[in-house]
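# Results of the structural survey
Residue strings, one per chain:
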Amino acid sequence: MMANAAFGVMNGEMTIGDFVLINAFTMQIFMPLNFLGFVYREIRGSLANIDKLFDLLSQAPAIKDAEDATELTCANPAIRFNNVHFAYNENRQILNGLSFGVPPGAKVAVVGESGAGKSTLMKLLFRFYDPQRGNITIDGNNIASHTQQSLRSHIGIVPQDTVLFNTTLLENIRYGNPDASDEEIEQVIRLAHLGTFVESLPDKLETTVGERGLKLSGGEKQRVSIARALLKGAPIMIFDEATSSLDSTSERAILSALRNAAKGHTSLVIAHRLSTIIDADKILVLKNGTIVEEGTHTYLLEQGGEYATLWQAQQREDDEASSDKDVKGS
Ligand SMILES: Nc1ncnc2c1ncn2[C@@H]1O[C@H](COP(=O)(O)OP(=O)(O)OP(=O)(O)O)[C@@H](O)[C@H]1O
Ligand SMILES: [Mg+2]
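Cut-off values and rules
- Residues numbered from 1 in each chain as written.
- Chains lettered and ligands numbered in written order.
- Predicted model: local features only at pLDDT ≥ 70, side-chain atom pairs only at ≥ 80, totals over all residues.
- Heavy atoms only, no water.
- Patch = residues over 30% accessible without salt bridge, like charges linked within 9 Å, V, L, I, M, F, W, Y side chains within 5 Å.
- Areas by Shrake-Rupley, 256 points an atom, 1.4 Å probe, with all protein chains shown as cover.
- Salt bridge = Lys/Arg side-chain N within 4 Å of Asp/Glu carboxyl O.
- Helix = DSSP H or I, 4+ residues; strand = E, 2+ residues; numbered from the N terminus.
- Axes fitted to C-alpha atoms, helices over the stretch in contact; angles between N-to-C directions.
- Parallel < 35°, antiparallel > 145°, perpendicular 65-115°, else oblique.
- Contact = heavy atoms within 4.5 Å.
- Nonpolar A, V, L, I, M, F, W, Y, C, P; charged D, E, K, R; others polar.
- Buried < 20%, exposed > 50% of the residue type's maximum accessible area, 1.4 Å probe, protein only.
- Arc of directions from axis to C-beta.
- Left-handed = near helix turned anticlockwise from the far one by under 90°.
- 1 Å grid on protein atoms, 1.4 Å probe; cavity = no way out; pocket = protein on both sides within 12 Å on 5 of 7 lines; lining within 4 Å.
- Points joined across faces, edges and corners; volume = space filled by probe spheres on them.
- Near = heavy atom within 4 Å.
- Polar contact = N/O pair within 3.5 Å; in protein donor to acceptor, adjacent residues only side chain to side chain.
- Core = buried A, V, L, I, M, F, W, Y, C linked by side-chain atoms within 4.5 Å.
- Lys, Arg positive; Asp, Glu negative; His and termini not counted.
- Charge placed at Lys NZ, Arg CZ, Asp CG, Glu CD.

Before going further, it helps to spend a moment on a nonpolar patch on the surface. Judged by side-chain polarity, Ile-43, Leu-47, Ile-50, Leu-53, Phe-54 and Leu-57 come together as a nonpolar surface patch covering roughly 600 Å² of accessible area. The topology assignment puts Leu-47 in helix α2 (residues 16-57).

Here it is in structure tokens:
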């Protein structure tokens, strides 16, 4: 069109004004057409996303509140697992008729090899899954008879793998209790031994932690997660390998903080290092989906069973580690 117009001007059939006019017209036509292409691509992309979104929304959650679900209210709860059978997949049983109780205010520890189903216990108590047989009760009432929201608000958890949000440290800690005052936050930071770390940061509590907390070390993440759980101050506390990524000095300090925090709370502790659970009121040894031994530390050592074997193996490792250090030091 422009070439034709140019020839027209050269032959004297058109004026320069006509040429400019044609140029303006073509621009007015092509620019919106171009834009239409862009809009079309965007709409196609969005439709695909909307499809996925509706698929997700139409998924029915496996765990639903009962019609007549009640609010759970308890200050000092007793927990019981009654003959719990559970499997993620039908062909692989994880828990096989597990029964135990946690009296009000007591600290019960669970030990067992990796994959024994320890974290699964926590997930069941939190009602992420329902057991296939048997039930879990709090103060004698099946947890399935309460609303999930009220149940979960009563449980503070330091999970094995901490989930942090890509925002500031402060907000990540405050997530435990959005209504907490600044003093309360300062207090839990001190209890979780985060103080020196926070002070060393240029932006202090306003530091962003990165996607899933990738800018923090494993131990720092764990301490944020401990601070968060302490802030929640729930009557039931669960610690799943809560101090596994800490050095032994911080571990000892945090354990004493946790011991204080757990006072008056019913707590379940999962630990690989047995030295961290010596003071538990009861220790359960989990194997093949059932409890093979239970009792206090001293009682289990006297029995000379699974627990005693584990304990001796870990003591030997510790001795070797410390003698290695001595050799290096000398
Ligand atoms: N969502 C899941 N779907 C299928 N299988 C699972 C799922 N979660 C865990 N499992 C399996 O269930 C078993 C118990 O897992 P669980 O996390 O309870 O072990 P654990 O005792 O906490 O181990 P660790 O000490 O290593 O943390 C494991 O063998 C694991 O492979
Ligand atoms: Mg686990």
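This brings us to the packing of helix α1 (residues 2-10) against α2. Two elements in contact, α1 and α2, have axes separated by 9 Å at closest approach and are oriented at 175°. With respect to α2, the axis of α1 lies roughly antiparallel. Judged by residue contacts, Met-2, Ala-5, Ala-6 and Val-9 of α1 engage Ile-16, Phe-19, Ile-22, Asn-23 and Thr-26 from α2. Residue composition of the contact of α1 with α2, by class: seven nonpolar, two polar and no charged.

A few words on helix α6 (residues 182-191). Along α6, the residues that are buried comprise Ile-185, Val-188 and Ile-189. Buried residues of α6, viewed axially, fall in a sector of 105°; they line one side. In this structure, α6 carries Glu-183, Glu-186 and Arg-190 as exposed residues pointing more than 90 degrees from its buried face. Structurally, α6 contributes buried residues whose contacts are with α5 (169-174), α7 (195-200) and α8 (218-232). Downstream of α6 by one or two residues, His-193 has phi in the positive range, about 55°.

It is worth spelling out the packing of α6 against α8 at this point. Where α6 contacts α8, the axes come no closer than 9 Å and their chain directions differ by 135°. One finds that α6 runs oblique with respect to α8. You can see that α6 and α8 cross each other, and the crossing is right-handed. Between α6 and α8, the residues in contact are Glu-184, Ile-185, Val-188 and Leu-191 and Ala-227, Leu-230 and Leu-231, respectively. In terms of residue class, the contact of α6 with α8 is made up of six nonpolar, no polar and one charged.

Now for the layout of surface pockets. The computed volume of the largest pocket comes to approximately 750 Å³. Taken together, 25 residues make up the lining of the largest pocket; nearest its centre are Phe-126, Phe-128, Ile-157, Pro-159 and Tyr-175. Elements with a minimum of two residues in the lining of the largest pocket: α3 (118-125), α4 (148-153), β6 (155-158) and α8. It is α8 that contributes the most residues to the lining of the largest pocket, four residues altogether. When its residues are assigned to classes, the lining of the largest pocket shows 11 nonpolar, eight polar and six charged. Empty space within the second largest pocket amounts to approximately 410 Å³.

Within the element layout of this structure, Thr-249 appears in helix α9 (residues 248-262). With relative accessibility at 58%, the residue Thr-249 sits in the exposed group. In this structure the C-alpha to C-alpha distance between Thr-249 and Leu-268, which are 19 residues apart in sequence, comes to 23 Å.

Taken together, 14 residues form the shell around ligand 1, and within it Arg-92, Ser-114, Ser-119, Thr-120 and Gln-160 come nearest. In the environment of ligand 1, an oxygen atom lies 2.5 Å from a nitrogen or oxygen atom belonging to the side chain of Thr-120. Contacts to ligand 1 include His-272, whose side-chain N or O atom sits 3.2 Å from an oxygen atom. Summarising the interface, the protein chains cover 70% of the accessible area of ligand 1, which totals 640 Å² for the free molecule. At the level of secondary structure, the elements contributing two or more residues to the shell around ligand 1 comprise β2 (92-102) and α3. In terms of residue count, the dominant contributor to the shell around ligand 1 is α3 (four residues). When grouped by side-chain class, the residues that make up the shell around ligand 1 number four nonpolar, seven polar and three charged.

Moving on: the nonpolar core. It is characteristic of soluble globular proteins that their nonpolar side chains tend to be buried jointly. The biggest cluster of nonpolar side chains holds 40 residues, and the ones touching the most others in it are Leu-169, Ile-173, Leu-194, Ile-277, Ile-283 and Tyr-307. At six residues, α8 tops the list of elements feeding residues into this core. Leave out the neighbours within four places in its chain, and Leu-169 touches Phe-197, Val-198, Leu-201, Lys-204, Leu-205, Thr-207, Val-209, Leu-216 and Val-224.

A cluster of acidic residues, Glu-317, Asp-318, Asp-319, Glu-320 and Asp-324, forms a negative patch at the surface. Mapping Asp-324 onto the fold places it in helix α11 (residues 306-329). Owing to a relative accessible area of 47%, Asp-324 belongs among the partly exposed residues under this scheme.

These figures come from the coordinates and say nothing about function on their own.
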